[in-house]
Amino acid sequence: MCCVFFDVDDTIYDQFSPFRSAFKGVFGHRFDALNLERLFVCSRARSDEVFEMVACGELTESEMYAYRICKAFEDCGAFLSQEDGLAFQEVYATEQQKIKLLPDMVCIFDHLQAKGVPMGIITNGPEAHQMRKVQTLGLKKWIASEHFLISSEVGAAKPATAIFREAERRLDVPPKACTYIGDAYAIDVVGAKCAGWRAIWLNRRENTIPEDAVYFPDYEVKNESALAQLLLK
């Protein structure tokens with residue numbers, strides 16, 4: 001039996017959309033000179049940078065939210081105060097409550113369910129925060145509650161092998177039966193391949209694999225339409 005696990009953020013929904021809406025709502029035309037998509041990519045990288053500090057209690061969630069957007073501004077050659085960073089996060093959190101599954105992802109979930117393929121979610125982040133997204137996206141229509149693995153609940157975060165092993169335990173499947181789909185090379189692809197899984201890299205931001213890379217995805221697709229074509233085969 002094969003099974004398919006998905007990442008959440010910027011994989012099954014477009015995370016840039018609520019980011020863009022929050023940015024325009026808070027800053028208006030104040031930072032029109034900035035490349036907004038680059039700012040978004042930098043904020044995600046900065047978030048990954050301090051994620052473990054939040055998990056270990058060394059940094060509060062509010063401090064992390066302010067850090068990642070302020071540092072992203074710095075990466076893009078601009079300055080943002082911590083106060084403005086927290087104001088942005090407040091609106092961003094509201095916009096995330098409006099997220100929707102991408103249409104092609106709905107087709108993918110429907111197809112896999114019809115084929116009897118067990119599915120699950122593996123995502124890093126605070127449990128309450130990520131579960132709100134699960135509820136907003138309506139994922140329980142396709143995925144059993146025990147198949148949602150959130151790092152703060154499991155006690156291990158991608159790319160650590162432990163969270164993938166816990167997924168295998170919950171579905172009672174071996175590594176070779178598992179496929180993971182995610183957008184982040186360093187935590188999704190590397191994590192899955194280290195665990196002995198197949199990895200599909202949904203590389204919608206057209207990132208590059210490091211020159212010294214040891215692990216490579218089994219498949220790389222640029223968008224959810226290409227992912228649907230791959231899986232529906």
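Residues numbered from 1 in each chain as written. Predicted model: local features only at pLDDT ≥ 70, side-chain atom pairs only at ≥ 80, totals over all residues. Heavy atoms only, no water.

Visitor: Can you walk me through the domain arrangement of the protein chain in this structure?
Guide: The extent of an interface is frequently quoted as the accessible surface area lost upon association of the parts. Domain annotation for the protein chain reports domain 1 (3–13 + 99–232) and domain 2 (15–97). Distance between the C-alpha centres of domain 1 and domain 2: 24 Å. Taken residue by residue, the interface counts 15 residues in domain 1 and 15 residues in domain 2. Between domain 1 and domain 2, roughly 1200 Å² of surface is buried when both sides are summed, and carbon and sulfur atoms account for 52% of that area. Inspection of the domain 1/domain 2 interface yields three salt bridges. D10 is paired through a salt bridge with R44; the nearest N and O atoms lie 3.8 Å apart. Where domain 1 packs against domain 2, one counts five residue pairs in polar contact (both at pLDDT 80 or more). Looking at the side of domain 1 that touches domain 2 element by element, the count peaks at three residues for helix α6 (residues 127–137). (Domains from an automatic or database assignment. Contact = heavy atoms within 4.5 Å. Buried area = accessible area lost by both parts, 1.4 Å probe. Salt bridge = Lys/Arg side-chain N within 4 Å of Asp/Glu carboxyl O. Polar contact = N/O pair within 3.5 Å; in protein donor to acceptor, adjacent residues only side chain to side chain. Helix = DSSP H or I, 4+ residues; strand = E, 2+ residues; numbered from the N terminus.)

Visitor: Looking at this model, I keep getting lost on the pattern of salt bridges. Mind explaining?
Guide: One side chain can pair with another of opposite charge once the charged atoms of both are near each other. Inspection of the entire model under this criterion finds 20 salt bridges. Through salt bridges with shared partners, a single network forms among D10, D14, E37, R44, D183 and R205.

Visitor: Whenever I open this one, the side chain of D9 confuses me. Can you help?
Guide: Secondary-structure assignment places D9 in the loop between β1 (3–6) and α1 (16–27). Looking at D9, the relative accessible area reads 10%, which means it is buried. Here the side chain of D9 touches Q130 through a polar contact of 3.3 Å, side chain to side chain. Contact partners of D9, with chain neighbours within four places excluded, come to Q15, R44, T123, Q130, K133 and D183. (Buried < 20%, exposed > 50% of the residue type's maximum accessible area, 1.4 Å probe, protein only.)

Visitor: Please clarify how the pairing of strand β2 (residues 119–123) should be interpreted in this entry.
Guide: Note on strand geometry: in a regular strand, side chains alternate between the two faces of the sheet. Counting buried positions over the five residues of β2 gives five, a clear majority of the element. Bridge count for β1 against β2 is three bridges, and the pairing is parallel. Bridge pairing in β2 links F5 to G120. Bridge count for β2 against strand β3 (residues 148–150) is three bridges, and the pairing is parallel. Looking at β3, one finds that T123 is bridged to I150. The handedness of the β2 to β3 crossover, carried by α6, is right-handed. (Pairing = 2+ DSSP bridges. Right-handed = clockwise from strand over helix to strand, strands pointing away.)

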